Amino acid sequence: MRNRVFNPIGTVALVTGASSGLGAGFARELAERGADLVLTARRQDRLEGLAVELAEKYGTVSTVIPLDLAAPGAVAELVADLHTRGITVGTLVNNAGFATYGTLADSDPVRLSEEVSLNVTALTALTRALLPDLLQASRAHPAGAALVNLASTAAFQPVPKMAVYAATKAYVLSFTEALWYETRQSGLKVTAICPGPVDTEFFEVAGRSADSYRDLLTVADVMRTTFTALDRASTPPHAVSGLRNSVFAQVAGRLPHRTVVTVVGRMNRSGPTA
Ligand SMILES: NC(=O)c1ccc[n+]([C@@H]2O[C@H](COP(=O)([O-])OP(=O)(O)OC[C@H]3O[C@@H](n4cnc5c(N)ncnc54)[C@H](OP(=O)(O)O)[C@@H]3O)[C@@H](O)[C@H]2O)c1
């Protein structure tokens with residue numbers, strides 16, 4: 001087992017989108033490392049099932065808060081609820097997110113607006129609201145407090161037919177890296193995680209099959225990337241999951257935009273980029 005630097009024992013970690021896929025993976029890994037949890041998403045039954053599993057396996061105390069984070073006022077409601085319960089969050093995993101697939105002209109404007117509300121607005125508001133808690137936790141528990149924001153390899157270049165999704169993830173990456181710098185002397189671990197396509201409910205929600213991908217990542221792959229980054233004494237501002245994805249992200253940053261968007265547009269004719 002690699003050397004564990006990130007040690008959230010005795011802290012509370014809040015995971016958004018904990019009802020499936022990567023969010024449930026983050027909750028399991030954080031519970032295994034000794035954190036108590038706040039689990040939020042819309043599907044209450046899933047969250048409660050996970051809370052029971054974590055209590056049985058690790059003795060974790062989980063607080064389940066079912067919420068539609070894309071709804072106006074939802075973040076304020078969540079923060080007020082935490083305050084009422086006396087919960088101070090030491091690790092925040094902004095994981096809830098979804099993609100829409102199709103040309104902009106053919107996309108449902110309401111759904112696009114929800115996508116921006118969840119992937120960008122809620123993530124920003126929750127980070128701002130809980131940042132004082134996170135900074136306080138990083139002082140009380142050195143190497144035990146973190147902010148993990150879910151970006152994507154879609155953050156590194158425009159993605160035709162996923163124009164809004166890729167733009168939201170470019171925002172998450174830029175926002176998180178700026179915050180990484182702003183908080184660099186605090187001891188808070190701040191990082192944006194950039195997975196390529198992962199085998200979760202993501203594609204079903206986006207309304208596309210994942211069959212065109214031969215090498216989908218697993219939730220375990222993304223957990224390895226994330227916790228390796230958190231276990232580094234100096235956590236990087238972002239971490240890409242998957243070697244091929246890492247190379248592609250670096251190449252995309254060096255090529256002219258016209259070339260990159262044309263190549264990705266051709267690749268994405270038959271299937272989505274995650
Ligand atoms: N899978 C991939 O290929 C991939 C690649 C790169 C990045 N990512 C990113 O990773 C994150 C997790 O995705 P995933 O792959 O684990 O997909 P997933 O299995 O579809 O999980 C998405 C989570 O977000 C929650 N969510 C969706 N809408 C919500 C809302 N309005 N309010 C509150 N919670 C909401 C869902 O819960 P409820 O439905 O119960 O609300 C679910 O728990 C996302 O930010 C995604 O963009 C995924």
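Residues numbered from 1 in each chain as written. Predicted model: local features only at pLDDT ≥ 70, side-chain atom pairs only at ≥ 80, totals over all residues. Heavy atoms only, no water.

1. Notes on the site of the ligand
Surrounding the ligand, one finds 32 residues, the nearest of these being Ser19, Arg42, Asp68, Tyr165 and Thr200. Here an oxygen atom of the ligand and a side-chain polar atom of Lys169 are 3.0 Å apart. Computed on the free molecule, the ligand has an accessible area of 880 Å², of which 97% lies beneath the protein chains in the complex. Counting residues per element, the shell around the ligand draws most heavily on helix α6 (residues 202-206), at three residues. (Near = heavy atom within 4 Å. Polar contact = N/O pair within 3.5 Å; in protein donor to acceptor, adjacent residues only side chain to side chain. Areas by Shrake-Rupley, 256 points an atom, 1.4 Å probe, with all protein chains shown as cover. Helix = DSSP H or I, 4+ residues; strand = E, 2+ residues; numbered from the N terminus.)

2. Describing the UniProt feature "domain: Ketoreductase" (unreviewed entry) in the protein
Per the UniProt record, "domain: Ketoreductase" (unreviewed entry) is annotated on residues 11-201. A distance of 29 Å separates the end C-alpha atoms of residues 11-201, which is 48% helix and 17% strand. (UniProt positions renumbered as here; feature names shortened; annotations may be inferred.)

3. Remarks on a nonpolar patch on the surface
On the surface, Leu243, Val247, Val251 and Leu255 cluster together to form a nonpolar patch covering roughly 380 Å² of accessible area. Among the structural elements, Val251 can be located in helix α8 (residues 243-252). (Patch = residues over 30% accessible without salt bridge, like charges linked within 9 Å, V, L, I, M, F, W, Y side chains within 5 Å. Salt bridge = Lys/Arg side-chain N within 4 Å of Asp/Glu carboxyl O.)

4. So, the pairing of strand β2 (residues 36-41)
With respect to burial, β2 is a largely interior element, five of its six residues being buried. Across five bridges, the pairing between strand β1 (residues 12-16) and β2 is parallel. Within β2, the position partnered with Ala13 by the bridge is Leu37. Read from β1 through helix α1 (residues 21-32) to β2, the crossover connection turns out right-handed. Relative to strand β3 (residues 62-66), β2 runs parallel, the two sharing five bridges. By the bridge assignment, Leu39 is partnered in β3 with Val64. (Buried < 20%, exposed > 50% of the residue type's maximum accessible area, 1.4 Å probe, protein only. Pairing = 2+ DSSP bridges. Right-handed = clockwise from strand over helix to strand, strands pointing away.)

5. A short note on α1
Between its terminal C-alpha atoms α1 stretches 17 Å, which fits the 16 Å expected from 12 residues at 1.5 Å a residue. Of all 12 residues making up α1, nine are buried, and the element is well covered by its neighbours. The set of residues buried in α1 consists of Leu22, Gly23, Ala24, Gly25, Phe26, Ala27, Glu29, Leu30 and Ala31. Phi turns positive one or two residues past the end of α1, at Gly34, with a value near 100°. (Expected span 1.5 Å × (residues − 1).)

6. Brief notes about helix α9 (residues 257-267)
When we look at burial in α9, the residues that qualify are Val260, Val264 and Gly265. For α9, the arc enclosing every buried residue in end-on projection is 125°, short of the 170-degree limit, so these residues lie on one face. Counted as exposed and oriented over 90 degrees from the buried face of α9: Arg258 and Arg266. Where α9 is buried, its residues contact α8. (Arc of directions from axis to C-beta. Contact = heavy atoms within 4.5 Å.)

7. Some thoughts on unusual backbone geometry
What is expected of a backbone is that most residues other than glycine have negative phi and most peptide bonds are trans. The backbone of Ala143 sits at a positive phi, close to 65°, despite the residue not being glycine. Structurally, Ala143 can be placed in the loop between α4 (109-140) and β5 (146-150). For Ala143, a relative accessible area of 22% puts it in the partly exposed group. The backbone of Lys161 shows a phi angle near 75°, a positive value even though the residue is not glycine. Of note, Lys161 is situated in the loop between β5 and α5 (163-182). Taking relative accessible area as the criterion, Lys161 reaches 30% and is therefore assigned partly exposed.

8. Quick look at the sheet that holds β1
Read across the open sheet, the seven strands follow the order β3-β2-β1-β4-β5-β6-β7; overall the sheet is parallel. One side of each edge strand has no neighbouring strand; the edge strands of this open sheet are β3 and β7 (238-241). Put simply, the sheet's adjacent strands are angled 15° from each other on average, direction ignored. Strand direction decides the pairing type here: strand β6 (residues 189-195) and β7, joined by four bridges, are parallel. Residue pairing for β7: Ala192 is matched across the bridge by His238. Contacting β2 and β3, helix α2 (residues 44-58) runs over the sheet at an angle of about 175° to β3. Contacting β1, β4 (91-94) and β5, α4 runs over the sheet at an angle of about 170° to β4. (Axes fitted to C-alpha atoms, helices over the stretch in contact; angles between N-to-C directions.)

9. Details of the packing of α1 against helix α7 (residues 219-230)
Between α1 and α7, the shortest axis-to-axis distance is 10 Å and the interhelical angle comes to 55°. Considering the angle they form, α1 stands oblique to α7. Crossing of α1 against α7: the hand is right-handed. Together, Gly21, Leu22, Gly25, Phe26, Glu29 and Leu30 of α1 and Val219, Val222, Met223, Thr226 and Phe227 of α7 make up the contact between the two elements. When its residues are assigned to classes, the contact of α1 with α7 shows seven nonpolar, three polar and one charged. (Parallel < 35°, antiparallel > 145°, perpendicular 65-115°, else oblique. Left-handed = near helix turned anticlockwise from the far one by under 90°. Nonpolar A, V, L, I, M, F, W, Y, C, P; charged D, E, K, R; others polar.)

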